[in-house]
Protein chains: 2
Amino acid sequence: MSQRLVLSIDAMGGDNAPEMAIQGCELAQERFPFVEFLLFGDETKLEPLVATARLDRARHKIVHTDEFVAGDAKPAIALRAGRKSSMRLAIDAVRDGASSGVVSAGNTGALMAMAKFVLKTLPGIDRPAIASLFPTMRGESVMLDLGANVQCNADNLVQFAIMGEVFARAVLGLERPSVGLLNVGSEEMKGHEELRLAAAWLRNTNLPILFHGFVEGDDVPGGTVDVVVTDGFTGNVALKIAEGTSKLYSSFLKGAFQSSFLAKLGYVLAKSALKKVRLRTDPRRYNGAMFVGLNGIVVKSHGGTDALGFANAIGVAVDMVTHGLNDKIRKELAHLAPPPPEAAIG
Amino acid sequence: MSQRLVLSIDAMGGDNAPEMAIQGCELAQERFPFVEFLLFGDETKLEPLVATARLDRARHKIVHTDEFVAGDAKPAIALRAGRKSSMRLAIDAVRDGASSGVVSAGNTGALMAMAKFVLKTLPGIDRPAIASLFPTMRGESVMLDLGANVQCNADNLVQFAIMGEVFARAVLGLERPSVGLLNVGSEEMKGHEELRLAAAWLRNTNLPILFHGFVEGDDVPGGTVDVVVTDGFTGNVALKIAEGTSKLYSSFLKGAFQSSFLAKLGYVLAKSALKKVRLRTDPRRYNGAMFVGLNGIVVKSHGGTDALGFANAIGVAVDMVTHGLNDKIRKELAHLAPPPPEAAIG
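Residues numbered from 1 in each chain as written. Chains lettered and ligands numbered in written order. Predicted model: local features only at pLDDT ≥ 70, side-chain atom pairs only at ≥ 80, totals over all residues. Heavy atoms only, no water.

(A) Summary view of the packing of helix α6 (residues 154-171) of chain A against helix α7 (residues 193-203) of chain A. Residue and element names in this part refer to chain A. Following both chains from N to C, one finds α6 and α7 inclined at 50°, their axes separated by 8 Å at the closest point. As summarised for this structure, α6 and α7 are arranged oblique, according to the angle between their axes. The two elements α6 and α7 meet at a crossing, and its hand is right-handed. Residues Ala154, Asp155, Leu157, Val158 and Ala161 of α6 pack against Glu194, Leu195, Leu197, Ala198, Trp201 and Leu202 of α7. Looking at the contact of α6 with α7 residue by residue, the class counts come to 9 nonpolar, no polar and 2 charged. (Axes fitted to C-alpha atoms, helices over the stretch in contact; angles between N-to-C directions. Helix = DSSP H or I, 4+ residues; strand = E, 2+ residues; numbered from the N terminus. Parallel < 35°, antiparallel > 145°, perpendicular 65-115°, else oblique. Left-handed = near helix turned anticlockwise from the far one by under 90°. Contact = heavy atoms within 4.5 Å. Nonpolar A, V, L, I, M, F, W, Y, C, P; charged D, E, K, R; others polar.)

Laid out in structure tokens, this is it:
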């Protein structure tokens, strides 16, 4: 085979693990015939699953461990006590060059803590961020940080902007993605100081970033920019509000279609068209949050996802590796000049 | 008439003013026959509109001024230079007892600055907040602050919780509304310090508040609690993300219904049922953000709203006055004990 790509899989992470992880690997191998897996977990559980699944024998290897990180474990505890966990060994394999990236549906905080500790951040990055794609009026955009850093300073936000821009170029295939900083509208309170500092820096940066300026909440689903940059607190709330609102709308719709005989009939006729809406807003489609800014590719799948969602998360990791995301980020950061003096608050 | 209720209307505020304001008053008078209006604005413009509208002659009075606050005026400038503006005179009338509340679709920042300056905050309230109802899986909830205060300390958040709780009792008619503090999920970063302090205080308060604890973004549309308390930055982003996501979903739906002949036919059959979904998520239905914590009722209508939306904003003001919201808030605050020593961060 001319192309080989090995990924570490934390097979024990997630509500429906290890079944959904193994089935997800199977689906992913159908899509990406060049992908190989290192499956970390309890071999007594994994062996029979792998046998049932049509997982290519030549393209996977089980690495046994009977330890795993609990879904509710505190990150600091997991970091200290989980050195032989499936999650940790999967990350170690990336550091050791045995695999090009890791996918886990386990505890987010523990995964971030371990990944930071084992892989370290890229040169020029103070803190990694969590990024994800989301559906918009214009297609898809990327948002970061979605929860790794509750508080961010201007440096963090500028670094997120650079990483998000590279990501949008590499994975969304955009030539010159636009970047916006999430803020509030009213004049009186145009944002925290760190937002204004970051905006001043981005407006004057030597990097060829297409900085749009501030965007507001409705610009996010509106698709005003390709990359939405925010702190992890706001980003986490924003993502979950959007997911919850989609669910609310879909439940209103379901109620409406059941409210009369005509409506039921209408539903039957429009069913296949409506299925497309469901697919477009399916959270599984956007499963796979990327930890960006680390010396290695780390993808976090939603803990409650199924095999299809897990396969999509694997797809995200494949994309990031294939596009050499980290090399591109490294290159940008190497060229980033310090903030110009005029980047002081205007 | 046994019941009289006079409201000040800033007839010159909003994108479609003064037409939509006068038409909104007309709609509101049909719903609330006991409401009277003081209409502040340019009489040469208002006279013909009032004549065309079926506005009861005995139940409105035009107060002339040819000054108004521009939609993009800086709040501080508006406060200094806008002393004879329709917005300011409408607020002055509340202070002077000529009306029981004010409704404006004008500049939010200017309205808040003027209202704070003229009416002052209620005893025990450091900062007023912006509150609004929103649709949820369980019905309706109230969220505050939606943008008055970018940064909030624990005292502010506790005061918002008390005001929101009173509001939910008075206007939503709930006996014991539940209150949640908006936060992020992951263990590692359970929130800013002010959130933890506010939670500790609310858990131990002497007031009979049903404090649920922290909620996450998806709990907002999910309706997990009746009152969602957050800082103005997060609240503003949350509200606009939810509105934008509803729009996105509805545009996906529209596209689906036009995608095939069968889907179009299905739409025709289900049309009247689908109209209910549109009504339930219609932003006009939730128009009318309340400024709570002031010595007087102040309602801000969306700037781009139409007559129906403006009438709903008037309805919110009527509700707040009728239920004696401010007296109830005053009473609660008079009983609030200082934070117990055990409310230190655990």
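(B) Structural detail: the sheet that holds strand β1 (residues 5-10) of chain A. Residue and element names in this part refer to chain A. Sheet architecture is open: 11 strands sit in the order β3-β2-β1-β4-β11-β10-β5-β6-β9-β7-β8, paired in mixed fashion. The sheet terminates laterally at β3 (60-64) and β8 (210-215), the two strands that pair on one side only. This sheet shows a mean twist of 25° between the axes of neighbouring strands, independent of strand direction. Where strand β2 (residues 35-41) and β3 come together, 5 bridges link them in parallel fashion. Counterpart to Phe40 in the pairing with β3 is Val63. (Pairing = 2+ DSSP bridges.)

(C) Geometry of the pattern of salt bridges. Residues and elements named next belong to chain B. A complete count under the given rule lists 24 salt bridges over all chains for this structure. Of the charged contacts, one joins Arg4 and Glu36 as a salt bridge, the two residues approaching to 2.9 Å between their closest N and O atoms. One end of the pair, Arg4, is in the segment before β1 (5-10); the other, Glu36, is in strand β2 (residues 35-41), and 32 residues separate them in sequence. Since its relative accessible area comes to 57%, Arg4 is described here as exposed. A relative accessible area of 13% means that Glu36 is categorised as buried. (Salt bridge = Lys/Arg side-chain N within 4 Å of Asp/Glu carboxyl O. Buried < 20%, exposed > 50% of the residue type's maximum accessible area, 1.4 Å probe, protein only.)

(D) Region of interest: the interface of chain B and chain A. Each partner contributes residues to the interface: chain B has 60 residues there, and chain A has 60 residues. Both sides together, the interface formed by chain B and chain A hides about 5,600 Å², and carbon and sulfur atoms give 74% of it. A salt bridge links Lys240 of chain A to Glu216 of chain B, with the shortest nitrogen-to-oxygen separation between them at 2.3 Å. Remark: the boundary between chain B and chain A carries 4 residue pairs in polar contact (both at pLDDT 80 or more). Of all the secondary structure elements, the ones that give two or more residues to the side of chain B that touches chain A are β5 (129-136), α8 (219-222), α9 (232-257) and α10 (261-281) of chain B. The element best represented in the side of chain B that touches chain A is α9 of chain B, accounting for 21 residues. The residue makeup of the side of chain B that touches chain A, split by class, is 30 nonpolar, 21 polar and 9 charged. (Buried area = accessible area lost by both parts, 1.4 Å probe. Polar contact = N/O pair within 3.5 Å; in protein donor to acceptor, adjacent residues only side chain to side chain.)

Note that every value here comes from positions in space, so none of it alone points to a role or purpose.
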